[in-house]
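Okay, here's what each chain looks like letter by letter:
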Amino acid sequence: MTEQLPPGLALQKVDERIMTLNVGPQHPGSGHMRIIVQIDGDYIVACDPDPGYVHRGEEKMAEYRNYITNIPHLERPVIHDSCNVLYPYVLGVEELVGIEVPERAKYVRVIASELNRCIYTMYWLAIYGIFLGHSTMFMWPAGDRELLIDLMEKMSGARVTHAHFVPGGVRNDLPPNFEDVCLRQVNYFEKRIKEYSAVFYDNPILIARTKDTGILSREDAIRLGTTGSVLRASGVDYDLRKKEPYDVYEELDVHTNVMKEGDSYARSKIPWLDMLESCNIIRQALQKMPKSGSVRTKLKPNPKGKGLNSVYKRVESGRGSLGCYIVSDGKTEPYRLKLSVGSFRNLIALPYLLKGEKLGNMPSVYWSLNYWPVEADR
Amino acid sequence: MSVIAPKFKLSEFIKSLLDNVFWTVLILSLIGIPAVMMVLFFIEMPVINGELLTPFLALTWIADPSRILPIVHAFMATDIFRVMVFPGFGFAALLAAGTIFVERKMLAKLQLRVGPFYCGKIEGILQLMGDGLKLISKEIIIPAKADKPIFWAAPVLFVAAAAAFVALIPVAPGWVVADVDLGLLGVFAVIGFFPIITILSAWSANSKFPFIGGIRALFQMVSFEIPLILSLLGVVMLTGSLNLSEIAASQSNFPWIVFLPIGAIVFFITMLAELERIPFDLPEAESEIVAGWLTELSGMMYGLVQLGTYLKLYAFAALFVVLFLGGWNGPMVVPPFPAEILTEGIVLGPVTANIPGLPLFTQEMLNGTLWFVLKTVGVIFFILLPRGVFPRIRIDMLLNLGWTKLIGLAFVNIFIALGLLYAGVLGPGGLQ
């Protein structure tokens, strides 16, 4: 009887040619996780992603806090995308508690979540740039991200962890003159990210490095359960903002970006196209938003869920479908809370994609999966 | 800004100097002067104005300041000055330090950053010194399973090889450390040492990431040495000499880049690969293999490798200048030394100072150095520029580029040179 050891500790009989590399958890190209890579020369024969280094038990913690005090800690998995992480939770609690959201609050939520999607994607793009050795593409998105962070600071008061969404609306109304400032900043931001194509996406070396590497076919993308930009880069037209519109997305004209190639290049380009689309959505939302009105339906202190009840809501986050399953047993705390995140579902594709690739393709394929280690571990 | 940067007060600085002046004078008089005397006693002294310079006479400049310049002249004629100071190590290290500063500031401007700012009063000009001090003061950690003698020796060897490369570069007419007839062959020989040192360092670290990085560096350097050598054959054919000084002198009318642009381009690309600079920095690709073959180097061992890398960068840029851009040749822009100072001396009011030993440098030498430095700085700028524009390429693309495209282009370049030679347009020694 052989005891089953965790991967990486097990003694394996391998060919002498094969070298096992532990990429991470302390490695510039891994993030908060470990990728156990077995290489034969320059080719990867096997790859075993090993997440779990930043598990914080968010789901268990949520069972000991009431519906309001859950807000600040549930946004921690992706602090750059905090509005989108809170979105399904807030939608679910609204259904459990049974309150209506004012029309203006719905538009403010859409604007905040699109701004947050851009903020997250810029951070992701910066790291994608430095993973490919392109230091300018690290600095530019990291700097231009500040434009939107300033907007979010004006809107919510905090630069990164906003805790802005609450059941019943948003925490604060928009500051005066926000619409003009937002329109100006977003227009400038759009002009700025269009310049990235010249230095990054149309760069011949980048195209030669990422085209036709790590190809995920349409069938595999569906079979493996990937979501978000990874799924759309493989030719599947799937965007929850369009397929299952929540809040006011059905009143807005949302265009879904789809590419058929399914390679690293397409996976890296889809988030960039999505950012341009986000700018369009923000402009539409600013136009259609009611100019005045309440942004928050006040809840009673310590709201309780209605009886034994469960609700599952999902939204399109920066990394794909992000679902929140809440079970209530009529108390002030959720009985059970489960986050179903896009990062973890996209990570499953990594061993399939890296098999047979060259070691030099590992960073580009890995990060093109739009994976955020902290969110996957929760 | 002054919140973070410590307040610098000149008066306190002078006070601290005065506090130490007693000990400085004591140490100098007890140890410094006897040491200088010992050194001067044993080295062979030159002849100045018909009299042999003895250690005693060498120190007479303290009593007679007008003797300084002849002594400096005599010192400048020695080999040790050439190796340590002017065309050799000191000059190259100064340019390399300038390169690091320019690289940081230029890259920062390109990326909408500020770059080094606080260290030193002006634009972080002393940042490199701070980094050097930090590296010196850090502990050197050797991996337990490393092959220690080789691991220790590799950084030193790296700097030594880079310095040997620098020694072959002619800066101005007659100003070269090693003026050998087979200078270009010597350059090839020195370049051939770098992959060996790299793989020795990587292998002796006994660690996986350095090993992969070392193998990558070996692949890269060995496969790019062939187009490197082939791209320079055109210049050798047209010049008819392997002596770098003669090659530079032969371009007094036209630099060879006018006739051999393909060779210059091939040499420039191979140069980037030999220097492991972006887009060819695969041996140090951080997102794949941490820092490549430098991963296990710590403290000043890493600092030495960086020093060697930048010396190598200067040497390659200078080689490009000597072979393709005409070396020190250029219009005479330095004014001649005023002749009345030589004949009449400097008139300072009532006193007329007759200074023997002037001029210290000839007009040709200053002009040549000026043009050489300007051209070298220009080439270094173009070496630095891709870092802000290109991502890193992959090893298979690199080998494909080296073995198929660059070698083919190098042969085209050789045929162009042969055509020019047989058509009688150009021949050994320059324009016919």
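Residues numbered from 1 in each chain as written. Chains lettered and ligands numbered in written order. Predicted model: local features only at pLDDT ≥ 70, side-chain atom pairs only at ≥ 80, totals over all residues.

J.: I keep staring at the overall build of chain B and nothing clicks. Help me out?
T.: A count of helices and strands for chain B gives 17 helices and six strands. Put simply, chain B has 432 residues, and 37% of those count as buried. In chain B, once contacts between residues fewer than 6 apart in sequence are set aside, the share between residues at least 24 apart is 77%. (Helix = DSSP H or I, 4+ residues; strand = E, 2+ residues; numbered from the N terminus. Buried ≥ 20, exposed ≤ 12 C-beta atoms within 10 Å, placed from the backbone. Contact = placed C-beta atoms within 7 Å.)

J.: Before we go on, may I ask you to explain the overall build of chain A in this structure?
T.: Per the secondary structure count, chain A includes 15 helices and eight strands. Since a compact globule built from 378 residues should have a radius of gyration of about 21 Å, the 21 Å found for chain A is in line with a globular shape. C-alpha atoms of chain A, sized along the principal axes, occupy 70 × 55 × 35 Å. Here chain A holds 378 residues, and the buried ones make up 50% of them. Taking contacts inside chain A between residues at least 6 apart in sequence as the whole, the part at least 24 apart equals 71%. (Rg over C-alpha atoms; globule rule 2.2 N^0.38 Å.)

J.: Sorry, what's going on with the interface of chain B and chain A here?
T.: A common way to report how large an interface is uses the accessible area buried once the components associate. On the chain A side, the residues contacting the 24 residues of chain B number 27 residues. Counting residues per element, the ones that place at least two in the side of chain B that touches chain A are α13 (286-289) and α17 (395-422) of chain B. A breakdown of the residues in the side of chain B that touches chain A according to their chemical character gives twelve nonpolar, three polar and nine charged. (Nonpolar A, V, L, I, M, F, W, Y, C, P; charged D, E, K, R; others polar.)

J.: What am I meant to see in the nonpolar core here?
T.: For soluble globular proteins, nonpolar side chains are generally found buried alongside one another. All names here are of chain B. Of all hydrophobic cores here, the largest spans 198 residues; its most connected members are V166, I169, L311, Y314, A315, A317 and F320. Ranked by residue count, the leading element in this core is helix α14 (residues 300-324), at 18 residues. Leaving out residues up to four positions away in the same chain, A315 has contacts with A162, F165, V166 and I169. (Core = buried A, V, L, I, M, F, W, Y, C linked by C-beta atoms within 7 Å.)

J.: So what exactly am I meant to see when it comes to the packing of helix α6 (residues 127-137) of chain B against α14 of chain B here?
T.: Relative placement of two packed helices is described by the angle separating their axes and the distance separating the axes. Residues and elements named next belong to chain B. Two elements in contact, α6 and α14, have axes whose closest approach is 7 Å; the angle formed by their N-to-C orientations is 140°. In terms of orientation, α6 and α14 fall into the oblique class. Along the contact surface, α6 presents G132, L135 and I136, while α14 presents M300, Y302 and G303. When the residues that make up the contact of α6 with α14 are grouped by side-chain class, the tally is four nonpolar, two polar and no charged. (Axes fitted to C-alpha atoms, helices over the stretch in contact; angles between N-to-C directions. Parallel < 35°, antiparallel > 145°, perpendicular 65-115°, else oblique.)

J.: I would appreciate a short explanation of the packing of helix α5 (residues 89-110) of chain B against α14 of chain B in the present structure.
T.: Residue and element names in this part refer to chain B. It is at 9 Å that the axes of α5 and α14 come closest, and there the two elements cross at 100°. Classified by the interaxial angle, the pair formed by α5 and α14 is roughly perpendicular. Only Y310, L311, L313 and Y314 of α14 make contact with α5, whose side of the interface consists of A92, A93, L95, A96, T99 and I100. Residue classes in the contact of α5 with α14 are distributed as nine nonpolar, one polar and no charged.

J.: Even after reading the chapter, I still don't get unusual backbone geometry, so can you show me in this structure?
T.: Glycine aside, residues mostly have negative phi angles, and peptide bonds mostly take the trans form. Residues and elements named next belong to chain B. A cis geometry characterises the amide bond from I278 onward to P279, with omega recorded as 5°. Position of P279 among the secondary structure elements: in the loop between α12 (261-274) and α13. For N206, which is not a glycine, the phi torsion comes out positive at approximately 55°. With respect to the helices and strands, the residue N206 is situated in the loop between α9 (193-204) and α10 (208-239).

J.: Explain α10 of chain B to me, please; I cannot follow it from the model alone.
T.: Note: α-helices contain 3.6 residues per turn, so residues at a spacing of three or four share the same orientation. All names here are of chain B. Here α10 spans 46 Å end to end across 32 residues, near enough to the 46 Å set by a 1.5 Å rise per residue. At E225, α10 shows its maximal kink, close to 30°; a proline, P227, follows between one and four residues later. In the stretch just after α10, G240 is the one whose phi turns positive, near 75°. (Expected span 1.5 Å × (residues − 1). Bend = angle between axes of the 7 residues up to and from the residue.)

J.: Is there a simple way to explain α12 of chain B in this structure?
T.: Residue and element names in this part refer to chain B. For α12, which comprises 14 residues, the first-to-last C-alpha distance of 20 Å matches the rise-based estimate of 20 Å (1.5 Å per residue) to within 8%. Burial of α12 is extensive: ten of the 14 residues sit out of reach of the surface. Of the residues making up α12, those classed as buried are G263, A264, V266, F267, I269, T270, M271, L272, A273 and E274. Check the buried side of α12 and you find it contacts α8 (183-191), α10, α14, α16 (363-384) and α17. Just downstream of α12 lies E276, where phi reads positive at about 55°.

J.: Mind showing me how you'd approach the pairing of strand β6 (residues 308-317) of chain A here?
T.: The two faces of a sheet get side chains in turn, since along a regular strand they alternate between them. Residue and element names in this part refer to chain A. Across ten bridges, the pairing between β6 and strand β7 (residues 320-329) is antiparallel. Considered in β7, the bridge of N309 is made with S328. Hairpin connection from β6 to β7: two residues lie between these consecutive antiparallel strands. (Pairing = 2+ DSSP bridges.)

J.: What is the right way to read the sheet that holds β7 of chain A from this model?
T.: Sheets are built from strands that pair by backbone hydrogen bonding, the pairs being arranged parallel or antiparallel. All names here are of chain A. As summarised here, the arrangement of the three strands in space is β6-β7-β8, forming an open sheet in which the pairing is antiparallel. With one partner strand each, in any of the chains shown, β6 and β8 (336-340) form the two edges of the open sheet. Averaged over all pairs of adjacent strands, the angle between strand axes in this sheet comes to 10°, irrespective of strand direction. On top of the sheet, helix α3 (residues 82-97) reaches β6 and β7; it is set at about 150° to β6, its chief contact.

J.: What am I meant to see in the sheet that holds strand β3 (residues 43-50) of chain A here?
T.: All names here are of chain A. One open sheet holds the three strands; their spatial order is β1-β2-β3, and the pairing between them is antiparallel. Each edge of the sheet is formed by a strand with only one pairing partner; in this case those strands are β1 (18-23) and β3. Strand-to-strand twist across the sheet, computed as the mean angle between neighbouring axes with direction ignored, equals 20°. One ladder, built from seven bridges, connects strand β2 (residues 34-40) with β3; its direction is antiparallel. Across the sheet, the residue bridging to I36 is D48, located in β3.

J.: So what exactly am I meant to see when it comes to the environment of G262 of chain A here?
T.: Residues and elements named next belong to chain A. Counting through the fold element by element, G262 comes out in the loop between α10 (240-243) and α11 (264-288). The buried category is assigned to G262, around which 24 C-beta atoms lie within 10 Å. Each C-alpha atom of the pair G262 and H80 lies 26 Å from the other, and the pair is 182 residues apart in sequence. In this structure G262 touches I215, L216, S217, R218, A221, A233, S234 and G235, once residues within four positions along its chain are discounted.

J.: What is the right way to read the pairing of β8 of chain A from this model?
T.: Residues and elements named next belong to chain A. Note: β7 against β8, five bridges, orientation antiparallel. Within the sheet, the bridge partner assigned to Y325 lies in β8 and is K338. Hairpin remark: β7 followed by β8, antiparallel, with six residues in the connecting loop; positive phi at G330, about 85°.

J.: Sorry if this is basic, but what is going on with the confidence of the model for chain B here?
T.: Low pLDDT marks stretches whose predicted atomic positions should not be read closely. Here chain B averages 83 in pLDDT, and 90% of its residues register 70 or above. Reported for the predicted complex are a pTM of 0.83 and an ipTM of 0.80. (pLDDT = per-residue confidence, 0-100.)

J.: Would you explain the environment of I282 of chain A in this entry?
T.: Residue and element names in this part refer to chain A. Note that I282 resides in helix α11. A tally of 28 C-beta atoms within 10 Å means that I282 is categorised as buried. As a C-alpha pair, I282 and V78 span 204 residues in sequence and 21 Å in three-dimensional space. Setting aside residues no more than four positions away along its own chain, I282 makes contact with I111, E114, L115 and V186.

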